[in-house]
Structures are given as structure tokens and as C-alpha cells.
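# Summary of structural features
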Amino acid sequence: MSDLEAQRKTAIEATRSGPPPRTINPFFGVGPITDVIQDEADGRKNRFEFDRWLETNYRKLDDKGNDLGPFTTAEIGRSMHRGYPADAILRDMMFHIHRYFGFPKENQMAVGLGGGHSGYTVAIMHLMNPNLSGQKLFVDTPRPETEEANKGGFFRQSWGTQILELQQFAANGHEDKVVFATAEGTIPSADELESLGITLFVGVGHETTGATTYTTEEVKSLLEWLDRDPVNRHAMIDATSMLGSMPWPQDVVEAFMAKCNIFTPFQKAIGGVSGYFLASFTPAAIQLIEDNQKNPAWAIARQLKLVVPTDAKKPLTGEKTVGLGPFYDAAADKMTGGVINTFSSLAFAETTYGLLRVEKMFGSVEVMNQRSAANRAQIDEWLAGQDLLVAGVGDAQKRGAAVTLLAVNDSGITDPAVHARIIARSKQLLGYEGLTHPNGDYEPGLDAARYVNAFPGTPGDYRAWIGGIRDSQDIVRLLENISYAYNRAKVVVLEEELAAQGTTFEASTTAGGDVRKDDPNRAYRILVADLVGLKFGADGQPDASAVKAYVEEQGATFTYGGWDGSDLPAGQHFFYLPDLSTHEELTAACCDNQYDAVIAAATFFPENATFPEGGVRIGAGTGNMACACWGGGDGAGGAAPLMNTPSFNSRATAQTAMKALLRVLPDLKVDEMHKRVVDGDFDTGKHLRDYPTEKLEGKRLGVIGYGNIGREVAKLGKAFGMSVAIYARERHRQWIESEGFIYAATPEEAAEGADVLSPHTGLGAKGADGVFANAGLVGASVLNALNDGAVLVNYDRGEVVDAGALNEAMASGKVAYAAIDADLFVAEDGSLFGPMVPYRPLIEAYPGRLELLPHAAADTEHTSRVEGAKQAVDQILSAIRHRKVINCKGDVPEGYVSGGAQTVPGVGKVSASVIASVAEDANTLTRLRDTVETLAAIWGAIETTRDPVRRAELIERHGEALTLATNTLHRDFDALGLVGAYN
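The structure contained in this document is the topic of the report that follows. The shown structure was predicted, so the numbers you read here are calculated from the model rather than taken from an experiment. (Residues numbered from 1 in each chain as written. Predicted model: local features only at pLDDT ≥ 70, side-chain atom pairs only at ≥ 80, totals over all residues. Heavy atoms only, no water.)

### Section: the overall build of the chain
- Along the chain, the regular secondary structure elements total 31 helices and 35 strands.
- At 39 Å, the chain has a C-alpha radius of gyration far larger than the 30 Å of a compact globule built from 983 residues.
- By principal-axis analysis of the C-alpha atoms, the chain measures approximately 120 × 85 × 50 Å.
- Here the chain holds 983 residues, and 50% of them are scored as buried.
- Taking the contacts inside the chain whose residues are at least 6 apart along the sequence as the reference set, 68% of them involve residues at least 24 apart.
- For the chain, the exposed area adds up to about 44,700 Å²; of that, 52% sits on carbon and sulfur atoms. (Helix = DSSP H or I, 4+ residues; strand = E, 2+ residues; numbered from the N terminus. Rg over C-alpha atoms; globule rule 2.2 N^0.38 Å. Buried < 20%, exposed > 50% of the residue type's maximum accessible area, 1.4 Å probe, protein only. Contact = heavy atoms within 4.5 Å. Areas by Shrake-Rupley, 256 points an atom, 1.4 Å probe, with all protein chains shown as cover.)

What follows is the structure, given as C-alpha cells:
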């Protein structure tokens, strides 16, 4: 028992750092080895790309050759796979396979029905003939049922078994006509083959089950033997795992492809959904097949035959030829004959598409061979650096470059049954099933390597395709995941063994969600320094009750007033002091560690205020959060985290800015008309013509800045039918244009020809000279670009607009009206200060053309302040309890982790958390999928239907569903906050 416990602890220690990075694609088993997709979304997109590729390449033509539109995947799937375009799809596949892998044009390629075993047997049955005097075979695997053969398991022996049975049951067959190798995958020297009298070499030792390959010297020896009598000597090679994975010099590869007959079950070699094989034959082999049909040793089922009667009326007694068989003639680029089977045209098309995709991604087959060899070397290098896994093939030169075989070397596990259980459990973890411990703890599947099963009897525990389609990094990840999965499975199996002996282990007590990191014995004091409710309550004071209730729901306390210095119970305590104002008050309350954290809105804190657990500004800007404890208003380099709550006041600000615009545009004289109506001095039929106006629709709105508020202003302008141009950095361009706005590369470009200008950049960083980066951004050059009589709405920061330049623009009539919302403060001596001051003298100069507000656009909206305060509470608690910083401003301090961004749905950027929250609602997720699939289906059908009558029928049949789905998608995307730039 002590040994089992010690081994368990060792395995736990080996996996303490957690699972390694996942592989790029988990499919290392036989089958889809060439998809090169990273996840399910990539797979579905690839399917759509295949559909488009198919539609582009296979077109319907009328009897005059006019294009009538594409053949679709659905149409080809419903067809009988005969005639056009099936014939073209087959020919194209044969052409690209022949071209890409470098088969010489004089070698013809047959297509037939069947996978590895059945297809290869078909190829051998056409070349081997017991009636042929002097024919003798060499098979590069051990004789079935010998001790050496048994090491390879049933699958390896089955190849030789089929050949022997064909000889045994043929009238002139004899086992002596077949010579087997003494070891797996062996090619004797040319002299040895010649001395044995071999005329047909059967190569199945280079095969996926045993993960072996031929060495360069062996291949050269085989080629030398063929060259000595190229007419009468033949080699049929199973290339299931060979194409694109030949680790030999290029001249050797080219000679091998030209002089050998190559067989491959292609759905394994390049992917696909249907079992079919290809076999390339040299001219001499073609002649051998023709000769064998004159004196056959056995009947070959019609659906498997590569030869066809020359006279259709004499299928039994007539001459048979490959000239009418299912062969591709590369020199003529045509199929020389038809096919008897109804193959899947879609499978053939998928093969061509997959092959062209591989070529586009990685290059020529020469590159693929090199990548495969590099992956083999990568495995050897990795194995040399550890001692748990060893190669299943001992000779490094004989290890496959397409498939690897790995065995576990664990001296602590000597019982074969326990070893087998660990291996089986490790594959559950490598896949998607995961592992459940005896105590009920569950480890989810890694989904890093599915179906990595070694064939029964082979010298290994794991088998995986590692050819050039994969990056070397993915090979390393595969090995790391196998090692990790083995150790974790070992833990589970040893726990099962120990449980049977009475030793059990407690289940994990880790609760769901984030682990608490705050001190359970400490009281944390949090200052709330601004109003968190703007509506008046029954007592005539601003009502903070909603935020108080929310704080208490989170398990904290909320106290009206400040901390009195008394002891507090452990936990988080919020103290509400919204009337702090002067520098002296703030210094006394905040500069001697009275509070651990702070929530503020407009209060300006002195540099020496101390909040070691962090601060949150309700709103976007943090210029008032000047405390050195988090690095000043930029949050750069401090020890405490600085956060904000962007987006809560964005819509309030944008709507108030639009309110300012609507006071003057459309320029209908509402007050005058109201007075005339009240006075009874207005006749609608006579006097309306005296008040012409222009609607907002069609006018141009220039927005400077693509932050939360700028985007909301742009959306409102667009809703009024305005043309909206937005200036932002280049990286925002694709998002701006994706929402239907015009991208402007400079502020001047945004203002060019605009009727309205609305800046929303914020102040930016403060320079060494104390001047903010965006101060005066809207200056003379920007204002002069506007249309004459334009409107300026600056509900951002007062400093962003150059007040002197605005004065000149208003004097010239370039700006007809301006609305400014900026801070204004009164000093103790009664003097005024703040960014509003430069604008005040303009009131007298331009009466009725200027509106000034004291930065009230956002900070007077009750709901926004309450919701912003609630989020601020969440962020402070997250920073204290979990050391997770949400909406970090500047740097995430040491000891904390980023919790990403969080905004109001629909405001600001779309984030991963927004998408994740949508995905948690199964009904919403289903509705979104149904909607987009409906749209994709109908638009796809309309696009591929060229005939105007049929297109009209489609629209009539599906137009209502299309429109309803469009409306539903717009509604849902807006409501769920899935529109905008991505964070």
C-alpha cells in the first residue's frame, strides 16, 4: 500500500502545474488528418468555404454554353454521381492528386472502391497470377503466425494472410511462390532479391499500424533491383501513410514515385467521407495486368475489376483491357474509361478541395515531406529529454514520418492489467470523456488527442498521425498531453486500487467560482465619496438606498457617514461621505490610511491620498483620481489598482448632446410659432410657408473619437438619417466601417463638410509640461473644415476645443451655434476656475448662439449613477476578495489579475464576457443559431439561383421568413450588446 501511495504522490507532483496547452487540432487518429482546423467554428467555416469552392468551380451551362449558375452541395449530394458534373469532379481529383504528389505522366492511376485492406487486395489480385510461370513474390513483413509476426498483431499479419490464401485456393497457386521478410518493413538488397528469383515486391511494411518507414538505403536497393529488369519486375507499395511523408532525398522520392506502383486508400491519406482507393501503375505493370487477364488465376468481382471487356456484348468471353477501366491518363488529362461503382462525388470534391487547401497553406509535396521528417526529428528530440515515453519502433531511421508509436516506460507499474487500465483511462482524459476519481472528483477531458489507439499486438500504447500537415509545436503539445494524461490516469487507477484496500481520499472542497483571497480576519473600509443616487427621497435628500441595498446583498455593510475609528467586524464596510469637497476635507479624510479603497465620481483627490486596495471612478475618465497609490490618473505603475466604469453614463451624455443639437436643428422657430398660436396670430394655410426648415436626415455629423460616448452619439445621428464620419486611430477603422459609419483618418477629415461636430476623445495623457494630449484638438484647422453655419456640441471636456479658435469661427459664421458642457468651480475667494472659464466671455459676443452647462450631461442622470455605483461596488469587492481587476485603468498591479472589461450591454466594445453571458442562456443561443442559419440558407439559395423565375419563386416562398429573421437578429444583437467593436 505504501508503494501505491508513493507512486500516486509522484504522479500528482508531476502534474501539479496543471494540463499543458492543448493541441491545435485534437484529431490524431485515422480519418480527418488534413482539416487543419483549430475548433468547431473553424470546421463550420471550412464547410462553408468548401460549398463556395464547389459552386465556383462547377457551373451549370445551357446548350449554348451560357452560365446558368452553380451546382450546389445539395444538388450534387442528391445526384446519381454520373454524368456532368460528377465526371468533371472525378477527373479534377485525379488530376490534382497525380500532379501534387508527383506521379509521372506515363503512370496511369486507377480509382476503386474499398479502404486499406480490401483495396490493396484488389491491387495485388491484378498483379499476382499463380498461372504466370516464374512469378515469385517478396512480402516485406514476417510470415503470418510466426513468432516475429505475432509481435505485430493481427492487422500486420492480415496482409500476408490474404496473399497466402489467394495462393492456397488458386489452382496453380503455392505458398512457395511467396517469400516473407524476417523482420517488419524489411527490403533486402538488390542482390538478395535477385538471388531469390523475386519478380513482384509487395510493400506493406511501411504501414500506419506499426508506424514504420523505409530507410533511404532500403529504397535505393529496391530501385536498383527494379532497374535491372524494369519490364518484368514490379513493386506494389502500400502508401497509406507515405504520400507527403517520405523522409528521403528528393531524387530518391522522384525515382520511387516513377518506378513503383503506389496504392493508397485516399480517405486516409487526404481526408474524405467515403472509402475509395487509388493505385498508380507503371506502363510495365499495366501490361502485366493486361497479360494476366488472358490467363487469370481467379475471378475478380466486377465492382472491383480494373479491366473492362472491349466488346460489351461479350463480357464473359471477350478480351478485357485496362483501356476502358477506371483509369486516369495524366498525359491526356482524362479518364480512359468509366467506373462501375456509384462513388460519392462529394467525397471526391472534398478530396480535391482539401488537397488544394493544403497546398495553399504549406506548399509543395516536397515541403510536406520535409515537414514530416522534421516532426519525426522533433519527437526523437523530445523523447530524449524525458524517460516516461519511449518510441515503439526502436530503430530511429525506421520510425515513420507520418505516424508515431509510443510506449510507456513506467517501472512502478508491473501488472499488465493495471498498465492497460491506466492507458485506457489516459485516452479518456486525452479525449472528451474526462476522468472521475473514486471520491467523485471529476477532471474534464483535455480534448487534445482523440483516437490515439495503438493496434492490438503492436509494440506501443499510443499511435498518432504526426505528418507534415501539423506544426512541430503541435507535436510537442501532443507529447506533453500524453505524458500528463498518463500521470493523471495513473492517479485515478492507483486510487481505485487503494480504495479496494480500504484507503480513500477526501473529495475536493473547492467551491465553484473564484477562490477568495481576502483576509477572513480583517475589516476592509471603503469610502464612497460622491452621490450614488441623484433622485430625491422622502427626506428631501438624494436617495442612496438602492446602492445601500445592493452592498448588503453582496455580504458587506453600508454606513451613512464616515468611519469613526472604532473596531469593525471582519468583512467589507462601505462608508458614505458624498459631501467631501475641499482639499482640506479630502486630506483629513483620505491621507492617513483611514480607508482601504474608494469609489468616486467627480471628487478630485489629492496625490497623497492613500487607498492601498484600489479605487473606482464611476464613469470613464479618471483625471480626478490623482492618487499616487495607483500611479495617478493614468493608473501607471502603482501598487493599488485603478478602475473605472465606462459606459454607464455614455447614453445619458449622448442623449443630452443630441438634446443640445435638437434645440437648433432642424431650425424650426418653435418658440415664435408657439407664441403666435397662443396669440391666435397664425393661419396654417397662409403662414407655414414663412418657416422653411431642413431635416437632420442627409446632413453630415462629424464625431471625433470612437469611445463609448462617441459611438453612442454616432448611433443617434445615424438613427436620424445623418451621414456620420468618425475620426479614430487606424486600428478602429474596420469596426467603424462595419457599423455603417465613415472612417476619417484625421480630425479635419471628420469635420470636412460636416453640419455638426461632436468631439468625444477625453483629455488624453498629461504631458511633462502639464498639458493634456487632446487639449485644443478642435482648433482652427478642424473648425474651418466645417460647412458654413455648422453646430458644435462639446459635451466632452472643455479643454478639447480651443476657445479662441471657436471665437473666430463664430465671428465668421463658420459656426452658427455652440453648446459646451464643462466643469466650473468656485474658489473660496469667489473666483471661478475650470475649463468652462474661457467660454464665458463668448456669451456677450454671441447672444443666443451659445449654450453653456457645468458638465451636467452625464452626472445628473439618476439611473446611470446608481447602476455605475453598483458596478463600482462589484469591482472593488472583486479586487479585494479575488485580486481580480475589472476595467483596469493603466497597469494591473503585481499580485492582481485582469478581469477584462465590463460595460452596459450595447454600449462600448463587445467583449468575451458579453458573448459568454449570451452563451449561458440555452434558449437565446438556440434562437440565435436558428436565426442565422435561416438567413444563411435563404441568402445562399438566392445567390446560387440565377434563373429569374426560380429566384422570384424563392423570394415569394421565403421572403417573409427572411425579413422576420433579419428583424429578429437585429433586435437580439442590439439587446444583447453584440454590435460594435470587439475588445
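### Focus on the sheet that holds strand S19 (residues 523-528)
- Taken together, the six strands give an open sheet; going across it, the order is S20-S21-S19-S22-S23-S24, and neighbouring strands pair in parallel fashion. Because the sheet does not close on itself, it has two edges, and the strands there are strand S20 (557-560) and strand S24 (642-644). For this sheet the average axis-to-axis angle between neighbouring strands, irrespective of direction, equals 20°.
- In this structure, S20 lies alongside strand S21 (residues 571-576), joined through four bridges in parallel fashion. What sits directly across from Thr 557, in S21, is His 573. (Pairing = 2+ DSSP bridges. Axes fitted to C-alpha atoms, helices over the stretch in contact; angles between N-to-C directions.)

### Some thoughts on helix H12 (residues 283-294)
- In a regular helix each residue adds 1.5 Å, so twelve residues correspond to 16 Å; H12 covers 17 Å between its end C-alpha atoms and thus fits that length.
- Listed as buried for H12 are Ala 285, Ile 286, Leu 288, Ile 289, Glu 290, Asn 292 and Gln 293. (Expected span 1.5 Å × (residues − 1).)

### Description of the nonpolar core
- Among the nonpolar cores identified, the biggest contains 63 residues, and Phe 101, Phe 201, Leu 222 and Phe 256 are the most heavily contacted of them.
- Sorting elements by how many residues they give to this core places helix H13 (residues 345-362) first, with eight residues.
- With sequence-adjacent residues up to four places away left out, Phe 101 is seen in contact with Leu 243, Gly 244, Met 257, Phe 266, Leu 355 and Val 365. (Core = buried A, V, L, I, M, F, W, Y, C linked by side-chain atoms within 4.5 Å.)

### Points about the pairing of strand S15 (residues 403-408)
- Where burial is concerned, most of S15 is hidden: six out of the six residues are buried.
- Taking every second residue as pointing to the same face, both faces of S15 are buried, with Val 403, Leu 405 and Ala 407 on one and Thr 404, Leu 406 and Val 408 on the other.
- Here three bridges tie strand S14 (residues 389-391) to S15, and the two strands are oriented antiparallel to one another. Paired with Leu 389 across the strands is Val 408, a residue of S15.
- Bridging between S15 and strand S18 (residues 462-465) involves four bridges; their strand directions are antiparallel. Bridge pairing in S18 places Leu 405 opposite Arg 463.

### Some details on unusual backbone geometry
- Of the consecutive residues Tyr 84 and Pro 85, the connecting peptide bond is found in the cis state with omega at 10°.
- Structurally, Pro 85 can be placed in the loop between helix H3 (73-78) and helix H4 (86-100).
- With an omega of -10°, the peptide bond between Leu 665 and Pro 666 qualifies as cis.
- Structurally, Pro 666 is set in the loop between helix H19 (650-662) and helix H20 (670-678).
- Backbone geometry at Tyr 451 places phi at a positive 50°, although glycine is not the residue there.
- Mapped onto the fold, Tyr 451 is located in the loop between strand S17 (442-443) and S18.
- A positive phi angle, near 55°, is found at Asn 887, a position not held by glycine.
- A relative accessible area of 5% means that Asn 887 is categorised as buried.

### A word on helix H1 (residues 2-14)
- Here H1 spans 18 Å end to end across 13 residues, near enough to the 18 Å set by a 1.5 Å rise per residue.
- Where H1 is buried, its residues meet helix H16 (472-500).

### Considerations on the layout of surface pockets
- In this structure, the second largest pocket encloses a volume near 820 Å³.
- Along the walls of the second largest pocket sit 26 residues, with Glu 55, Thr 72, Gly 940, Ala 941 and Thr 944 positioned nearest its centre.
- Tallying contributions element by element places helix H30 (residues 922-944) first for the lining of the second largest pocket, with eight residues.
- Residue classes in the lining of the second largest pocket are distributed as eight nonpolar, five polar and 13 charged. (1 Å grid on protein atoms, 1.4 Å probe; cavity = no way out; pocket = protein on both sides within 12 Å on 5 of 7 lines; lining within 4 Å. Points joined across faces, edges and corners; volume = space filled by probe spheres on them. Nonpolar A, V, L, I, M, F, W, Y, C, P; charged D, E, K, R; others polar.)

### As for the sheet that holds strand S26 (residues 723-727)
- Ordered by their spatial adjacency, seven strands build an open sheet running S27-S26-S25-S28-S29-S30-S33, and the pairing between neighbours is parallel. Because the sheet does not close on itself, it has two edges, and the strands there are strand S27 (742-744) and strand S33 (850-853). When strand polarity is set aside, the average angle formed by the axes of neighbouring strands in this sheet is 15°.
- With three bridges connecting them, S26 and S27 associate as parallel partners. Across the sheet, Tyr 727 pairs through a bridge with Ala 744, a residue of S27.
- Running over the sheet, helix H22 (residues 708-719) touches strand S25 (700-704), S26 and strand S28 (756-759) and is turned about 175° from S25.

### With respect to the packing of aromatic side chains
- Scanning all chains against the criterion turns up 21 aromatic pairs.
- Taken together, a centroid distance of 5.5 Å and an interplanar angle of 85° make the contact between Tyr 120 and Trp 159 edge-to-face. Separated by 39 residues along the polypeptide, Tyr 120 in helix H5 (residues 116-127) and Trp 159 in helix H7 (residues 153-169) bring together distant segments of the chain.
- Under the relative-accessibility criterion, Tyr 120 is labelled buried at 2%.
- Where Phe 558 meets Tyr 576, the ring centres are 5.5 Å apart and the plane angle is 45°; that geometry is what we call tilted. Taken together, the residues span a long stretch of sequence, with Phe 558 in strand S20 and Tyr 576 in strand S21 at a distance of 18 residues. Each member of the pair, Phe 558 together with Tyr 576, is buried.
- What links up through ring pairs into an aromatic cluster is the set Phe 50, Trp 53, Tyr 58 and Tyr 353.
- In this arrangement the basic side chain of Lys 718 is found over the ring face of Phe 741, its NZ or CZ atom lying 5.4 Å from the centre. (Phe/Tyr/Trp six-rings, centres within 6.5 Å; stacked < 30°, edge-to-face > 60°. Lys NZ or Arg CZ within 6 Å of the ring centre and 35° of its normal.)

### Focus: the side chain of Ser 426
- Within the secondary structure, Ser 426 is located in helix H15 (residues 416-430).
- A distance of 2.8 Å separates polar atoms of two side chains, one belonging to Ser 426 and the other to Tyr 462.
- Excluding anything up to four places from it in sequence, Ser 426 contacts Tyr 462, Ala 485, Tyr 486 and Ala 489. (Polar contact = N/O pair within 3.5 Å; in protein donor to acceptor, adjacent residues only side chain to side chain.)

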